[in-house]
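Chain and residue survey
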Amino acid sequence: IRKIILSNPYRSLCYSLERRLRPNFLLLRELLGTDQNARSAVKQSFELIHGNVRSDLLPKVKILRDHGATDAVIVKLVTTHPRSLIHRSSFFNESLAAMKELGVSPSSGIFPYAFGLFARLSPVTWKRRIDNYLSLGWTEELVKLAFVRHPYCMSVSDDKVRRISHFFADKLGWSPEYVSASPMLISLSYEKRLLPR
């Protein structure tokens, strides 16, 4: 509790220690297993410590478990992308439905990253990112395949995706099919990693 308050005293000190901060932290620790995991989650989203964890977070965790999410998946999701679970229920339901459509199982190790990233992007941004890949010769199936393998390929800016894709195609002769099989390449730095190598 002390470390959390010191990391953001302005927001933390606005709430009751006994009625809000401590109960929330204890619930998070019980859910995530360790103090460190609870602190990591709160650092990602302070709403976890001053919001209503019992009503906002726990019901969604139960839904994920009902869909097959393991404890390890829950811990990873809450500690890396907790905002995806404290949005309003409609966002949560849409993200869960999208994962099913994409074939990402809640029990898989990639689920916390795919679900968390998808929930972070607005529908407009998601469509724009897909359209950007399509304009470079990808198919929707290749985009989905790349996302399932490395979700963060959809967090890369459109300009960077175009620049790296042109480099792969013009200098290395790589096709979209080849790149989609190793989509982590798109997340690498052009200046610091790709060009020097």
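This one's a predicted model, so the numbers in the text were calculated from it and none came from an experiment.

So, on to the packing of aromatic side chains. Under the defined criterion, the tally for this structure stands at 10 aromatic pairs. Residues Phe 167 and Phe 168 carry aromatic rings whose centres are separated by 6.0 Å and whose planes lie at 50° to one another, so their mutual orientation is tilted. Given a relative accessible area of 2%, Phe 168 falls into the buried group. For the ring pair Trp 174 and Tyr 178, a centre distance of 5.0 Å and an interplane angle of 45° mean the geometry is tilted. The class for Tyr 178 is partly exposed, based on a relative accessible area of 47%. Connected via pairs of aromatic rings, a cluster forms that spans Phe 167, Phe 168, Trp 174, Tyr 178 and Tyr 190.

Taking 1.5 Å as the rise per residue, helix H14 (residues 158-172) with 15 residues should run 21 Å; its terminal C-alpha atoms sit 20 Å apart, in good agreement. Within H14, burial applies to Asp 158, Val 161, Ile 164, Ser 165, Phe 167 and Phe 168. On the buried face of H14, the contacting elements are helix H12 (123-135), helix H15 (176-180), helix H16 (184-187) and helix H17 (190-194). At the C-terminal side of H14, Gly 173 shows a positive phi close to 70°.

Time to look at the nonpolar core. Across soluble globular proteins, nonpolar side chains have a tendency to be buried as a group. Counting 57 residues, the largest nonpolar core has Leu 64, Met 99, Phe 111, Phe 147 and Met 154 as the members making the most contacts within it. Looking at this core element by element, the count peaks at 6 residues for helix H3 (residues 17-32). Those residues in contact with Phe 147, other than ones at most four positions away along the chain, are Met 99, Leu 102, Ala 114, Leu 117, Phe 118, Trp 126, Cys 153 and Met 154.

Among the secondary structure elements, Ile 86 is positioned in helix H9 (residues 83-86). For the pair Ile 86 and Leu 48, spaced 38 residues apart in sequence, the C-alpha separation works out to 8.0 Å.

Rules behind the numbers
Residues numbered from 1 in each chain as written. Predicted model: local features only at pLDDT ≥ 70, side-chain atom pairs only at ≥ 80, totals over all residues. Heavy atoms only, no water. Phe/Tyr/Trp six-rings, centres within 6.5 Å; stacked < 30°, edge-to-face > 60°. Buried < 20%, exposed > 50% of the residue type's maximum accessible area, 1.4 Å probe, protein only. Helix = DSSP H or I, 4+ residues; strand = E, 2+ residues; numbered from the N terminus. Expected span 1.5 Å × (residues − 1). Contact = heavy atoms within 4.5 Å. Core = buried A, V, L, I, M, F, W, Y, C linked by side-chain atoms within 4.5 Å.

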